[in-house]
Amino acid sequence: MTSQTTRFLCYLVTLVPLLLCTRAEAAGGKYRRTVADYSMPDVLLVNQDGQKVRFKSFIEQSDQPVLLDFIYGTCTTICPILSAGFASLQRKLGPEASKVRLVSITIDPEHDNPRVMKDYLKRFRAKPGWDFMTGSRADIDRVMRAFDAYIPNKMSHYQIMLIRSPRDGRWTRVMELVSSADIMAEYRQAGAK
Amino acid sequence: MNGAAGRLRATGRNALLPLLCLFTLLFWVAAPRAAEEPPGVAGLTRAEALRLGEQLYRKGLLPSGQPAQAIVQGDTEVEADMFSCESCHMRSGLGSYEGGVLTTPTNGAVLFKAQFNYRQPSPDQLKTIPAYMLPLYQAPPRRPAYTDTTLSVALRDGMDPNGRVLDEVMPRYLLAERDMAILVYYLKSLSPEYSPGVDQNTIRLATVVTDRVPAKEREAMLKPLEKYVRGRNSRAKTVESRAGYGFYAEWMDLIYRRLSLSVWELKGPPETWRSQLEEYYRKEPVFALIGGISHGEWRPVHEFGEEHRIPCLLPATDLPVISQSDWYTLYFSKGHYQEGEAAARFLAAGEQPDRDGELLQIFRDSAEGRASAAGFRESWQKLGRKAPAERMLSAGEAVTVELLEQATLEKRPAVLLLWTGPEALPLLEKVAALSGRPETIFLSASLLQDKIGALPEQLREKSYITYPYALPAGKGGAHRGNGAPLGRERRIAARMNSLGLLLTDSLMMMRGEFYRERFFEVIDMLQDRGHPYSAEFERYSFGPGQRYASKGCYVVQLSPGPGSELLQKSEWVIH
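Residues numbered from 1 in each chain as written. Chains lettered and ligands numbered in written order. Predicted model: local features only at pLDDT ≥ 70, side-chain atom pairs only at ≥ 80, totals over all residues. Heavy atoms only, no water.

A few points about the pattern of salt bridges
Just so we agree on the cut-off: Salt bridge criterion: a side-chain nitrogen from Lys or Arg within 4 Å of a carboxyl oxygen from Asp or Glu. Each helix corresponds to a stretch of at least 4 residues labelled H or I by DSSP, and each strand to a stretch of at least 2 residues labelled E; elements are numbered beginning at the N terminus. Think of it in three bands: residues with accessible area under 20% of the maximum for their type are buried, residues over 50% are exposed, and the middle band is partly exposed, with areas taken using a 1.4 Å probe on protein chains only.
For the structure shown, the criterion picks out 48 salt bridges over all chains. Of the charged contacts, one joins A:Asp119 and A:Arg115 as a salt bridge, the two residues approaching to 3.8 Å between their closest N and O atoms. A residue pair is termed a helical-turn pair when its members lie 3 or 4 positions apart in one helix, as A:Asp119 and A:Arg115 do in helix α4 (residues 114-123) at four residues. Of the residues examined, A:Asp119 reaches a relative accessible area of 41% and is grouped as partly exposed. The exposure class assigned to A:Arg115 is partly exposed, which follows from its relative accessible area of 32%. Across the pair B:Lys334 and B:Glu341 runs a salt bridge, and its minimum N-O distance is 3.1 Å. Take B:Lys334 and B:Glu341: they sit in the same class, and that class is buried.

Examining the packing of helix α9 (residues 215-233) of chain B against helix α19 (residues 488-510) of chain B
All names here are of chain B. Just so we agree on the cut-off: Between the N-to-C directions of two axes lies an angle of 0 to 180 degrees, each axis being a line fitted to C-alpha atoms and, for a helix, fitted only over the stretch in contact. When describing relative orientation, an angle under 35 degrees is termed roughly parallel and one over 145 degrees roughly antiparallel, while 65 to 115 degrees is termed roughly perpendicular and anything else oblique. Should the near helix be turned anticlockwise from the far one by less than a right angle, the crossing is termed left-handed; should it be turned clockwise, right-handed. Throughout, a contact is declared for two residues whenever any of their heavy atoms are within 4.5 Å. Under the grouping applied here, Gly and all other residues not named as nonpolar or charged are polar, the nonpolar ones being Ala, Val, Leu, Ile, Met, Phe, Trp, Tyr, Cys and Pro and the charged ones Asp, Glu, Lys and Arg.
The N-to-C vectors of α9 and α19 enclose an angle of 25°; their axes lie 8 Å apart at closest approach. If you check the angle between α9 and α19, you find them roughly parallel. Crossing geometry of α9 relative to α19 is assigned as right-handed. Note on element contacts: α19 touches α9 through Arg488, Glu489, Ile492, Ala493, Met496, Asn497, Leu499, Gly500, Leu503, Thr504 and Leu507, opposite Lys216, Glu217, Ala220, Met221, Pro224, Leu225, Tyr228 and Arg232. Among the residues forming the contact of α9 with α19, the class breakdown is 11 nonpolar, three polar and five charged.

Overview of the side chain of A:Glu110
Condition: Between N or O atoms, a polar contact is any pair within 3.5 Å; within protein, one atom must be a potential hydrogen donor and the other a potential acceptor, and residues adjacent in sequence are included only when both atoms are from side chains.
Following the sequence through the fold, A:Glu110 ends up in the loop between β5 (101-106) and α4. Polar contacts involving the side chain of A:Glu110 include one to the side chain of B:Arg539, which spans 2.4 Å. With near-sequence residues (within four places) excluded, A:Glu110 lies in contact with A:Arg137, B:Arg539, B:Ser541, B:Lys551, B:Trp572 and B:Val573.

Notes on the side chain of A:Gln159
Its location among the elements puts A:Gln159 in the loop between α5 (137-146) and β7 (161-164). Residue classification places A:Gln159 among the buried positions, given a relative accessible area of 14%. Among residues more than four places away in sequence, those in contact with A:Gln159 are A:Ile78, A:Val174, A:Met175, A:Glu176, A:Leu177 and B:Gly99.

Describing the interface of chain A and chain B
We apply this condition: A 1.4 Å probe defines the accessible area here, and the buried area is the portion of it lost by two parts on being joined, summed over both.
With 42 residues of chain A in contact, the opposing surface of chain B contributes 41 residues. Buried area between chain A and chain B, summed over both chains or domains, comes out near 3300 Å², and the portion from carbon and sulfur atoms is 51%. For the chain A face of the interface with chain B, the top three residues by lost area are A:Thr76, A:Glu110 and A:Met155, together amounting to 21%. Two residues, A:Arg125 and B:Glu79, come together in a salt bridge whose shortest N-O distance is 2.7 Å. Where chain A meets chain B, there are 21 residue pairs in polar contact (both at pLDDT 80 or more). Secondary-structure elements contributing two or more residues to the side of chain A that touches chain B are α3 (78-93), α4 and α6 (180-191) of chain A. When grouped by side-chain class, the residues that make up the side of chain A that touches chain B number 15 nonpolar, 15 polar and 12 charged.

Some thoughts on the packing of α3(A) against α6(A)
Residue and element names in this part refer to chain A. Where α3 contacts α6, the two axes come as close as 9 Å, and the packing angle between them is 65°. Here α3 is positioned roughly perpendicular relative to α6, judged by the angle of their axes. Here the hand of the crossing between α3 and α6 comes out right-handed. Residue-level inspection shows Gly85, Ser88, Leu89, Lys92 and Leu93 of α3 in contact with α6, the latter providing Ser180, Ile183, Met184, Tyr187 and Arg188. In terms of residue class, the contact of α3 with α6 is made up of five nonpolar, three polar and two charged.

With respect to the packing of aromatic side chains
The geometry of an aromatic ring pair is captured by two quantities: the separation of the ring centres and the angle between the planes. Residues and elements named next belong to chain B. Here is the rule we go by: Whether two aromatic rings pair depends on their centres lying within 6.5 Å, for rings of Phe, Tyr and Trp, where Trp uses its six-membered ring; planes under 30 degrees apart make the pair stacked, over 60 edge-to-face, and the rest tilted.
The final tally for this structure, using the stated rule, is 29 aromatic pairs over all chains. Ring plane angle 55° and centroid distance 5.8 Å describe the contact between Phe287 and Phe519, whose orientation is recorded as tilted. Taken together, the residues Phe287 in the loop between α12 (273-283) and β8 (288-290) and Phe519 in helix α20 (residues 516-524) connect sequence positions 232 residues apart. Taken together, a centroid distance of 5.0 Å and an interplanar angle of 65° make the contact between Trp327 and Tyr328 edge-to-face. A relative accessible area of 2% means that Tyr328 is categorised as buried. Aromatic rings pair up to connect Phe287, Trp327, Tyr328, Phe519 and Phe520 into one cluster.

Shown next, in the form of structure tokens:
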């Protein structure tokens, strides 16, 4: 083995882990991030246009990355930040925004009807591809439980964003408020073939 | 010459005198005005600066009408009308705690005062504090008072006067100097002192009763409230005696106040209520109105509360004002309107063919009838449907077979919504037999009351009843054996008991922050409540700005047979 080859291998051994670390940092190293499989409940929800949505097939048949969060229309603090992140992603993606599916599930199904949800999306300049869904309290509970994100009282909810990769149907779970660069990185990673 | 000079002097004196008088008058008029009207900011009057500041704080809109720009989470650009200062810091400015995020107060009384970890003792109190605890009380402030400059830095750069970086959820606002000055000016005026109606010992409350309310209903409303106030005040001596020292003095009992409850009796027609309310309020500026009962609509009291920014907690009315933006009255529900709304949503969600143009509403020209019909009509139209045909019965007009026949033959409705009392039930059978129409009938449980079981057997299959109460099969609820709702007096009493529970929670959560807006903000933060808290309803749910606690209404049918049971046909909340 020549000295040049040895030096190249040394560089390779040093740099590859470094490169891998950088990637982890960009796509999750700065916040808690786990990957899990979830089984979608077969429930009928209603979106902001009053259309019924069969949730299981809506999610599972998507060939696009899905970003999903739990919010409610009159939330004062963390939901607007989560929604600002979604709005920012759509804005930054521009024409590519149609390649990601954004789903917000209400945790206040008594109050959040299609009119409330439509107004909310309008306030956040939502583009097509971002659905806000409500349903019966029992069905919303089933969805929360399916994602291991059951929130019995909306006033003590917590931030959670889930990203589904269309490649394998697995979900990345982010339990913090993150920057729009982080959301973009998660979207890219989920969508990368 | 002398003469001319003398005339000139005389003319000068003559001219000077009125000028002096005018100047004195101007000074006399202007001086008190200047004292009454503090200066504004940025070349604006005080009133205009406060209006624009409030617009920026509450709606996120700049004086130009455009949304302010900001950055959150380090790099996320937001427009401030997506979520404004008020979203997190609340209308009162006293902040919130939600989802693990603590939002600190931004009202004038807190921002511009140094904040200590321990209450600052008086020189006399200082002498009684043990030496080993003195460092705690003499420690420098946790945060020095903000100045206009340091507040601008916090709003723009997210750094407090200690140099501490604020959490990234706090937006960094891109504000021009003038806009910043207006916002800072507004914050200085935000909740600067306790609201009227509270002193060192007492929170003053009032309840409104109008003169045409039946005596039994008046009693059903007043007795539980008076009992509640007596019960709470009976603890006063114990609480006040322990409030002098230790933990209780520091945290707990400083917040305790006795309650006083005045009864504001309104007489005469509703259009005179407003001036009577103003007079009561002038004599006794109460902190809030609780409960209350009126004949007819609640609107005059609602508008009084809205204009003076006085909270009105849970009046016993089924005729509330329906509004998406009004803030100062929290109702039990939307009442009769909610039943119309539920019928519309139930029909729209069904699998029936499109019924456009084939619906007929018959309702009485009463507050209840109009509210039910409006609830259906407005909800139906919001769902993208055409307005239904309508027939309004005048106040004294009897419901007859001929009237129903004529209306149904003329319109041939597939769906008939009959927002009347039980007097129409025996006639419906004949009408339905006449032509096979209507195919579906909607009725209201709150209008039928204890006659709900009088629905003819043959009509039960095609009849749906809006039922805004908890179902008898549920864990609780308040109803008679056959599913008919409780009588009005008992429902009123149940609601007032429920109000007492809510008041206990909200006064405790309000702590020492005796601001009217805070009173409702803490209620907004309560978790949802079911039985027995929610009295006759299935559930109360709360949330910022949500002003109808019970949001649902079942649609039911009656089972056949004499011992009729309610058959649930919808969820509590229909989407």
